[in-house]
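# Close look at the chain arrangement
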Amino acid sequence: MLTKFETKSNRVKGLSFHSKRPWILASLHSGVIQLWDYRMGTLIDKFDEHDGPVRGVHFHKSQPLFVSGGDDYKIKVWNYKMHRCLFTLLGHLDYIRTVEFHNEYPWIVSASDDQTIRIWNWQSRTCISVLTGHNHYVMCASFHPKDDLVVSASLDQTIRVWDIGALRKKTVSPADDILRLSQMNTDLFGGVDAVVKYVLEGHDRGVNWAAFHPSLPLIVSGADDRQVKLWRMNDTKAWEVDTLRGHMNNVSCVMFHARQDIIVSNSEDKSIRVWDATKRTGVQTFRREHDRFWVLAAHPEMNLLAAGHDSGMIVFKLERERPAFSVSGDSLYYVKDRFLRFYEFSTQKDTQLISIRRHGSTSLNQGPRTLSYSPTENAVLICLDVEGGSYELYIVPKDNTGRGDTVQEAKRGIGGSAVFVARNRFAVLDKTNNQVLVKNLKNEIVKKSGLPLTADAIFYAGTGNLLCKAEDRVVIFDLQQRVVLGDLQTPSVKYVVWSNDMESVALLSKHAIILASKKLVLRCTLHETIRVKSGAWDDNGVFLYTTLNHIKYCLPNGDSGIIKTLDVPIYITRVSGNIIFCFDRDGKNKVLNIDATEYVFKLSLLKKKFDQVMSMIRSSQLCGQAMIAYLQQKGFPEVALHFVKDERTRFNLALESGNIQIAVASAKEIDEKDYWYRLGVEALRQGNAGIVEYAYQRTKNFERLSFLYLTTGNMDKLSKMLKIAEVKNDVMGQFHNALYLGDIRERVRILENAGQLPLAYVTAAVHGLPDIAERLAAELGDNVPSLPEGKKPSLLIPPAPIMCGGDWPLLRVMKGIFEGGLDDAGRGLHEEDEDAADADWGEDLDIVDVDGMQNGDIGVVVEEGEVHKENDEEGGWDLEDLELPPELDTPKTAVNARSSVFVAPTPGMPVSQIWTQRSSLAAEHAAAGNFDTAMRLLSRQLGIKNFAPLKSVFLDLHIGSHTYLHAFSLAPVISLAIERGWNESASPNVRGPPALMCNFSQLEEKLKAGYKATTAGKFTEALRLFLSILHTIPLIVVESRREVDEVKELIIIVKEYVLGLQMELKRREIRDNPVRQQELAAYFTHCNLQMPHSRLALLNAMTVCYKAGNLNTAANFARRLLETNPTIENQAKTARQVLQAAERNMRDATKLNYDFRNPFVVCGATYVPIYRGQKDISCPYCTSRFVPTQEGQLCTVCDLAVVGSDASGLLCSPSQIR
């Protein structure tokens, strides 16, 4: 039993399938009728007018109607489109058990507890016949699908068959008058429209259900005696054929299956039973835990059943309808009706090959589930669900082209699933041991292989490979090498479809499609609300798949769409161009033609095959809002332009693709303020000043126009704008224009005219116009404003524009394939633009009216000083006299821009990128600003992990290898890379390495300074200098191999000093531990220092030990000091005195962790000796040695690298790489 849909609700008493739509009605014990879409799993509607339980419900075959009958004695007819009850039929006197429409006539039959059956005409809304005769509740009544019969079942233990032939004749309304007269008589005196044909007795208890066979003269009934009985009838009599026993409680409902030779019954014993109608034996039983079954319904056209129970209903299929098939090249092998068949796609020829064994098992769903084919051996492997999963292997005879009657003895075995993995090898899944058995064609095990995950199915994945599926993931497993080649998280996969080239795979689950590469690298995932049924790849790499009601496509990037709507589901076997080969639900091969234009077009766009896109645009009728939106979304607005006729959409697309010419043409057509404004914004973005000007003129946007002239430095037109503002009497506009022009006298005059005398006075006084200031002061009298003391005024003059006049230079762009190829389509448009261009917009066009002025000559008006009021002007301003300099004929250049566009040099690769591409030296990466790669290089070469001390060097290197130039005002600063060793004869195209601010000679200077500080006893200062050398060396670059050796030598020298000084500073900190003080002083003498510093260290150690009473150790230091032949007499004298004192008393007061006879190195972290032969680890950069416990810690000497980490070594010269 394959459950397709389940609901949870009150007890379901009545069910009815819609004949065409995926709908089912369920009437509930609570009085509600629910309308469900079982395909989508959604509740569409609820009808709630009955009072009490509704026991019967039925859809009309063709009208948007259904009928219901309930315990309120009412029959209601509903229109589901109008969501309401149309009318109620009254007449029954007790509960109504069932209601049903007739297939052809406008009749409803109803059965009731009032012991009658009524037939109603739902068009005239009257009862046309009452069938009486039962003497207990009538539990059900239904029409025969073809004949004029009604069958009814009653608790009086009988089934009655009624003949309603007379009723049909009466309905057909004969023309014969005599007949009509006799009909009147029967109407008046009670006629016999329906007569009992047979009474079937045989049940011992009340009968709950009786039903006709759809085509044979059979009746099936179920009763409270727990039996299902089969009856046969002929023209004269009816008799009992057989009894089916097995239910444990009252049988509620029983029916014949429309497509198979079976009977389905359900019962209050909580089970549904399936019986073989010919053998009359039980085939299968489906049980529920707690719910009694009450009703069954069958779909009139599809292989679907529904059952209602105590807590809802289920829609189910008894058997899987998907045929087992396998595609191989041009052929298809599949199983149908227990035959293996072969179908050739090219000729569409279908051949029967061999017969397949019938299974002894009586249960349903034991047919072949999957099929695998080996073309070279002509072998077929069929998997079944028999015995919990088994397979059968057939070898198809090469010459067998006949009827295929031969029954071949198959090689059989048990296994979850079986597939061919090579020419003559197949793999069988052994679920119990989670392993795969590889077998040969003799069915012998050749090899066993454990699986990397708990697999519940295996699929073919190329020769020798298996795709193993678990609940939430799939893996590709190589059987030879026993390795996992790919792994992917997925919902539970049902089917696997490989592309022809085996490069891509589609994994189909119940509601999702996952496309992946052959190594299971995810490409995209699609989710469907409706069940996915099948799929196949087409030749272009597009995956076509079917759901219950659509054929859809999925592109490699995850874009999907609908190709065709389906009435019934199909199973795709192959896609070839515009043809889909598929199975229907009956297992018949079908060929469908589809329109592939949409997905081929999208695929061409995706793969950038623009010539193909072009030809499709020209030839096909691709259009519609969806396609335009798709092109826009994918960044091809210029392509979308060629589909669009609507001017507003054209305008939007033209702006989006930057096509100013088409935008101008559309704006002219639309001629609305908002569109001109948006055109202006886009033209401004492109730097097309002429069109910006034109757009502002069309919208009379004087403020923006003035500002445009200011930014483009067009002073002539600005002064004209000032005059226009005067004509319009726009004081604010006048003032702004005067401000933009930097015309102080004009500003003073405007302020004075506007009555702002104090402001006018201040402006004149500040800008050094004493004559005007005095005149205004006289007018103001006592109200002269005071100017602030001690403040220096600055002149308010607009800045000089970066570029004066003209359009901004545009890069030369090759005509796109779409513009070039589609120019014919827009030819008319372009000609219109040419005319617009010749009209020379900025000048003698009808640019704008000042509130209705037409083509008057503003120059004349202004010169004569006749600034009229607006309402008595006849003419108007029309910028006819804006004599533009020749280079300002902007729109013309814009339209024909292709010929005279500034061609910018093609940008080369940034120097910093060249530096990093060529170099493995960290310093050069840092100089280029690529700090992260520099850090990675240092980490790899020297094991450096702590980059904090290097931060300042990194920044210095980067800043030091660039210089910065000012271009002109308001433009950003330009940075230039400085190259090492550049000279004038160098080729301009050859880039040298970066100039670096750190060099080796600087380090030598620092070393000398460090020595000096050490001699002077300034240990903290000396330590800082030596550490700074250690922190610079990783980012130093030298030229020769000799210098590389010097750098490495410098690291060793500096490291010794850093370690020694750190110990000496530590010694000075610990005053309270004389033993540790002596040890540290002693270790200091073993650091490899310059001779003067060594002597000082020995003298220091000798003094410390002597004072502490360790005379023997002090004598050792004195001896070593004298061996160095000290040049300073005082040092030698002290040493000799210590020796003499020690010889008198050769003993040590305290024992030290110090053995001068045994060679050792000092641990850089713990400052303890590591004697020869003891284990130690070192820093990969500064080579300091440490005790093993320090591994993985930061080196305390250089403070950069990690102790004991792997590193390739210092790289500081190009010569090392060569």
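The structure reproduced in this document is the subject of the present report. (Residues numbered from 1 in each chain as written. Predicted model: local features only at pLDDT ≥ 70, side-chain atom pairs only at ≥ 80, totals over all residues. Heavy atoms only, no water.)

### A closer look at unusual backbone geometry
The backbone of His83 shows a phi angle near 60 degrees, a positive value even though the residue is not glycine. Mapping His83 onto the fold places it in the loop between β8 (75-79) and β9 (84-89). Even without being a glycine, Gln348 presents a positive backbone phi close to 55 degrees. With respect to the element layout, Gln348 can be found in the loop between β31 (339-344) and β32 (349-355). For Gln348, a relative accessible area of 46% gives the class partly exposed. (Helix = DSSP H or I, 4+ residues; strand = E, 2+ residues; numbered from the N terminus. Buried < 20%, exposed > 50% of the residue type's maximum accessible area, 1.4 Å probe, protein only.)

### Some words on the pairing of strand β47 (residues 512-517)
With 6 of its 6 residues buried, β47 lies for the most part within the structure. Here β47 shows two buried faces, one formed by Ala512, Ile514 and Ala516 and the other by Ile513, Leu515 and Ser517. The pairing of strand β46 (residues 504-509) with β47 spans 5 bridges and is antiparallel. The residue bridging Leu508 from the neighbouring strand is Ile513, located in β47. Turn length for the β46-β47 hairpin, with the two strands adjacent in sequence and antiparallel, is 2 residues. When β47 meets strand β48 (residues 522-527), the two strands line up antiparallel, connected through 5 bridges. If you follow Leu515 over to β48, its bridge partner there is Cys524. Joining the antiparallel neighbours β47 and β48 is a turn of 4 residues, in which Leu520 adopts a positive phi near 65 degrees. (Pairing = 2+ DSSP bridges.)

### Some thoughts on the sheet that holds strand β51 (residues 550-554)
In spatial order, the strands read β49-β50-β51-β52; together these 4 strands make up an open sheet with antiparallel pairing. In this open sheet, the two edge strands, each paired with only one partner strand, are β49 (532-537) and β52 (560-565). Across this sheet, the average inter-strand angle for adjacent strands is 25 degrees, counted without regard to direction. The pairing of β49 with strand β50 (residues 543-547) spans 5 bridges and is antiparallel. (Axes fitted to C-alpha atoms, helices over the stretch in contact; angles between N-to-C directions.)

### A word on the sheet that holds strand β28 (residues 312-317)
Taken in spatial order, the 4 strands of this open sheet run β1-β28-β27-β26, and their pairing is antiparallel. Edge strands, defined here as strands with exactly one partner in the open sheet, are β1 (2-8) and β26 (293-298). Adjacent strand axes in the sheet meet at a mean angle of 20 degrees, parallel and antiparallel pairs treated alike. Across 5 bridges, the pairing between strand β27 (residues 305-309) and β28 is antiparallel. When the bridges of β28 are listed, Gly308 appears paired with Met313.

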